[in-house]
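# Coordinates in review
One-letter residues, chain by chain:
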Amino acid sequence: GNDSATTGSGGGSGDNTITMGFSQVGAESGWRTANTKSVQDSAKTAGIELKFSDAQQKQENQIKAIRSYIQQKVDVIAFSPVVESGWDTVLKEAQNAKIPVILTDRAVDSKDTSLYKTFLGSDFVEEGKKAGQWLVEEYKDSTDTVNIVELQGTTGSAPANDRKAGFAEVIGSDPKFKIIASQTGDFTRAKGKEVMEAFLKSNPDIDVLYAHNDDMGLGAIEAIEGAGKVPGKDIKIITVDAVKDGMQALADGKINFIVECSPLLGPQLMDLAKKVVAGEQVPARVVTEETTFTQEQAKEALPTRQY
Ligand code: AHR
């Protein structure tokens, strides 16, 4: 790394330790905590020196962190962009400084794809579709209207945009499915609870909750129980992530279906970083492999769940 003492005459990145600057979204969810741990643990294992910063879900903090990594002349910058748009300027700055950038977990909407080397993460549209497919199957024998409320992730984030779009596409094939309310809960438990309370007050007849992550779903469960209803029965719940607390609620019958989103991106990120720094070709897109869980499957998976 450029900050550690170097031996020999090279200076700069004269030693061969790679320094990575990583700008994390925040600590908004159980998923994020598991993702941070994965990145930190695998940097250690890979012998990569990690400079880590938490942006507290604010784009301006991520831009500051990236600029500081450019100034420190790190070997590679990795980040998980909180929202999709508004990155071109700072990514140009990294490119001009000849520091390769890797996107992890979330995408940017920049037209110029030469601004980053690769994007490692889930297919969020696919996740939204899987949520919708479960619902279509669950109600296949019913002709009644199905009233759905949606707790969206952080406004403008790739997972919120894509999970909404994928879900809407699938349920759109049958007009009995009606999204009667849809609002952001910022991917947090507290916001999930607060927004669900408001949904329950203004909509007496909610059949289904689709929450873009487990944490918002778990907050909403508190709101539903507080309103004297039974989560998983009176209101069916679909979430995304499959972190331990979500899987426990699924096994307990309070959630009905979870679409997995893997936070364990660290090992693949470190591999990609080494290749990119060595000037090797890497695929432009690396998609994480994921599954889905029913209540029965959650009971089986829980004992060995890592996060
Ligand atoms: O970008 C991934 C999403 O961010 C996770 O699904 C959510 O829990 C997290 O906050």
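Relevant structure appears above.
Notes on the structure in this doc start here. (Residues numbered from 1 in each chain as written. Predicted model: local features only at pLDDT ≥ 70, side-chain atom pairs only at ≥ 80, totals over all residues. Heavy atoms only, no water.)

Contacts to the ligand come from Glu28, Ser29, Trp31, Arg32, Asp105, Arg106, Phe124, Pro159, Arg163, Phe187, Asn213 and Asp241. Arg32 has a polar side-chain atom sitting 2.9 Å from an oxygen atom of the ligand. Of all the secondary structure elements, the ones that give two or more residues to the shell around the ligand are helix 1 (30-46) and helix 5 (158-171). Split into classes, the residues belonging to the shell around the ligand amount to four nonpolar, two polar and six charged. (Near = heavy atom within 4 Å. Polar contact = N/O pair within 3.5 Å; in protein donor to acceptor, adjacent residues only side chain to side chain. Helix = DSSP H or I, 4+ residues; strand = E, 2+ residues; numbered from the N terminus. Nonpolar A, V, L, I, M, F, W, Y, C, P; charged D, E, K, R; others polar.)

For the structure on display, the rule yields five aromatic pairs. Measuring from centroid to centroid gives 6.4 Å for Tyr139 and Phe177, while their planes differ by 85°, and the two rings are edge-to-face. Of this pair, Tyr139 sits in the loop between helix 4 (124-138) and strand 6 (146-152) while Phe177 sits in strand 7 (residues 177-184), placing them 38 residues apart in sequence. Exposure remark for Tyr139: the relative accessible area of 13% places this residue in the buried category. Judged by its relative accessible area of 8%, Phe177 falls in the buried class. (Phe/Tyr/Trp six-rings, centres within 6.5 Å; stacked < 30°, edge-to-face > 60°. Buried < 20%, exposed > 50% of the residue type's maximum accessible area, 1.4 Å probe, protein only.)

All right, on to the pattern of salt bridges then. The final tally for this structure, using the stated rule, is 19 salt bridges. One salt bridge connects Lys164 with Glu150, and the closest N-O pair in it is separated by 2.9 Å. In this pair, Lys164 sits in helix 5 while Glu150 sits in strand 6, placing the two residues 14 residues apart along the sequence. Put simply, Arg305 and Glu260 hold a salt bridge, and the shortest N to O gap is 3.0 Å. On the criterion of sequence distance, the pair formed by Arg305 in the segment after helix 10 (295-301) and Glu260 in strand 10 (residues 257-260) is long-range, its members being 45 residues apart. The pair Arg305 / Glu260 is uniform in exposure class, with both members buried. (Salt bridge = Lys/Arg side-chain N within 4 Å of Asp/Glu carboxyl O.)

One recurring pattern in soluble globular proteins: nonpolar side chains tend to sit buried together. Grouped together as the largest cluster of nonpolar side chains are 30 residues, with contacts concentrated most on Leu151, Met196, Phe199, Leu209, Ile235 and Met247. Only strand 6, helix 6 (189-202), strand 8 (208-211), helix 7 (214-226), helix 8 (244-251) and helix 10 provide two or more residues apiece to this core. The greatest single-element share of this core, amounting to six residues, is contributed by helix 7. For Leu209, the residues in contact, after removing those within four places along its chain, are Val149, Leu151, Met196, Ala220, Ile235, Lys236, Ile237 and Ile238. Counting 23 residues, the second-largest nonpolar core is a separate cluster that includes Tyr69, Val74, Val83 and Phe119. (Core = buried A, V, L, I, M, F, W, Y, C linked by side-chain atoms within 4.5 Å. Contact = heavy atoms within 4.5 Å.)

Neither face of strand 10 is left uncovered, since the one carrying Phe257 and Val259 and the one carrying Ile258 and Glu260 both have all their residues buried. Relative to strand 10, strand 9 (residues 236-241) runs parallel, the two sharing four bridges. In the strand pairing of strand 10, Ile238 is matched with Phe257. You can see the chain leave strand 9, run along helix 8 and come back into strand 10, and the turn it takes is right-handed. Relative to strand 12 (residues 292-293), strand 10 runs antiparallel, the two sharing two bridges. Considered in strand 12, the bridge of Val259 is made with Thr292. (Pairing = 2+ DSSP bridges. Right-handed = clockwise from strand over helix to strand, strands pointing away.)

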